[in-house]
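Architecture at a glance
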Amino acid sequence: MAIGRPRAFCAETALDAALEVFWRKGFDGASLTDLTEAMGINRPSLYGAFGNKEELFRKALDRYVTVKVAYIRHALAADSAYEVAERLLTGAAEMMTDPSHPVGCLAVKGMATCSAEDGPVREELDKVREEYETAMRARIARAKAEGDLSPDADPDDLMRYLTTVVQGMAIQASIGATVADLRRVAETALKAWPARSPACN
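Residues numbered from 1 in each chain as written. Predicted model: local features only at pLDDT ≥ 70, side-chain atom pairs only at ≥ 80, totals over all residues. Heavy atoms only, no water.

Focus: the pattern of salt bridges
The criterion, for reference: We define a salt bridge as a contact between a side-chain nitrogen of Lys or Arg and a carboxyl oxygen of Asp or Glu at a distance within 4 Å. Throughout this description, buried means an accessible area under 20% of the type-specific maximum (1.4 Å probe, protein chains only), exposed means over 50%, and partly exposed covers the range between. Going along the chain from the N terminus, every DSSP run of H or I of four or more residues is numbered as a helix, and every run of E of two or more is numbered as a strand.
With the rule as written, the count across this model stands at 14 salt bridges. Of the charged contacts in the structure, one is a salt bridge between Glu130 and Arg129, with a shortest N-O distance of 3.8 Å. The partly exposed category is assigned to Arg129, whose relative accessible area is 33%. Put simply, Asp156 and Arg137 hold a salt bridge, and the shortest N to O gap is 2.9 Å. A residue pair is termed long-range when its members are at least 10 positions apart, and Asp156 in helix α9 (residues 155–174) and Arg137 in helix α8 (residues 119–145) qualify at 19 residues. For Asp156, a relative accessible area of 26% translates into the label partly exposed. Through salt bridges with shared partners, a single network forms among Asp126, Arg129, Glu130 and Glu133.

In structure tokens, the structure reads:
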């Protein structure tokens with residue numbers, strides 16, 4: 001008689017399911033029961049494949065950064081600073097309202113719902129935020145150095161401007177804003193983007 005073995009499951013599919021739970025409910029709001037039911041596995045399988053809840057969140061966040069917010073990498077690869085901002089804001093509008101997954105932004109929701117006891121989770125979210133800010137600041141600084149922005153443009157201020165708009169879009173998406181609504185926000189924000197250096201016009 002064959003010895004029974006645990007039911008096989010696709011780790012990637014299970015991780016995607018966990019990501020959606022964390023995205024909808026935040027780290028604190030997502031119970032282990034919520035997670036195992038969505039992932040279609042039991043607790044021993046969850047622990048064996050992904051570690052504890054914090055480690056599962058870390059893996060889900062990595063997947064979110066790699067797959068769901070790939071538009072940020074696309075934006076950073078743009079030829080001009082204006083196109084960086086345009087790709088970032090329009091990409092955010094589309095991703096945050098995509099009906100194939102929860103609305104809004106996992107990172108923004110995660111920071112808003114983390115409790116003081118969730119130190120490791122907040123550290124992971126801070127790490128993601130810092131990596132994004134560093135990359136965006138460096139890309140804007142490069143544009144300034146290349147003459148694509150005026151000499152008085154401040155890369156840190158412009159990075160924070162874009163970040164604030166994107167975070168606001170995430171909140172708007174979470175309370176029902178449509179993709180058309182957020183595209184208009186993006187268009188309005190882009191009107192305030194600084195002009196290119198006169199030498200480049």
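Right, picking up where we left off after that structure.
Comments concerning the side chain of Glu124
Using the following cut-off: Here a polar contact is recorded for every N or O atom pair within 3.5 Å, except that within protein the pair must consist of a potential hydrogen donor and a potential acceptor, and residues adjacent in sequence are included only if both atoms are side-chain atoms.
Considering the arrangement of structural elements, one finds Glu124 in helix α8. At 3.2 Å, the side chain of Glu124 forms a polar contact with the side chain of Arg58.

Concerning the environment of Phe57
Rules: Should any heavy atoms of two residues lie within 4.5 Å, those residues are considered in contact.
Residue position: Phe57 is located in helix α4 (residues 53–68). The sequence separation of Phe57 and Ala78 amounts to 21 residues, and the corresponding C-alpha distance is 31 Å. Not counting residues up to four positions away in its chain, the partners in contact with Phe57 are Phe22, Phe27, Leu106, Val121 and Leu125.

Description of the packing of aromatic side chains
Cut-off, in case you're wondering: Ring pairs are drawn from Phe, Tyr and Trp, using the six-membered ring of Trp, whenever the two centres fall within 6.5 Å, and their geometry is named by plane angle: stacked under 30 degrees, edge-to-face over 60, tilted for the rest.
Throughout the structure, instances matching the rule amount to 4 aromatic pairs. Aromatic pair Phe22 and Phe57: ring centres 5.0 Å apart, planes at 90°, arrangement edge-to-face. A residue pair is termed long-range when its members are at least 10 positions apart, and Phe22 in helix α1 (residues 11–29) and Phe57 in helix α4 qualify at 35 residues. For the residue pair Phe22 and Phe57, the accessibility class agrees, reading buried in each case. With centroids separated by 5.0 Å and ring planes inclined at 85°, the aromatic side chains of Trp23 and Tyr64 adopt a geometry described as edge-to-face. Of this pair, Trp23 sits in helix α1 while Tyr64 sits in helix α4, and the two are 41 residues apart along the sequence. An identical accessibility class is assigned to Trp23 and Tyr64; each is buried. Put simply, the rings of Phe22, Phe27 and Phe57 pair up and form one aromatic cluster.

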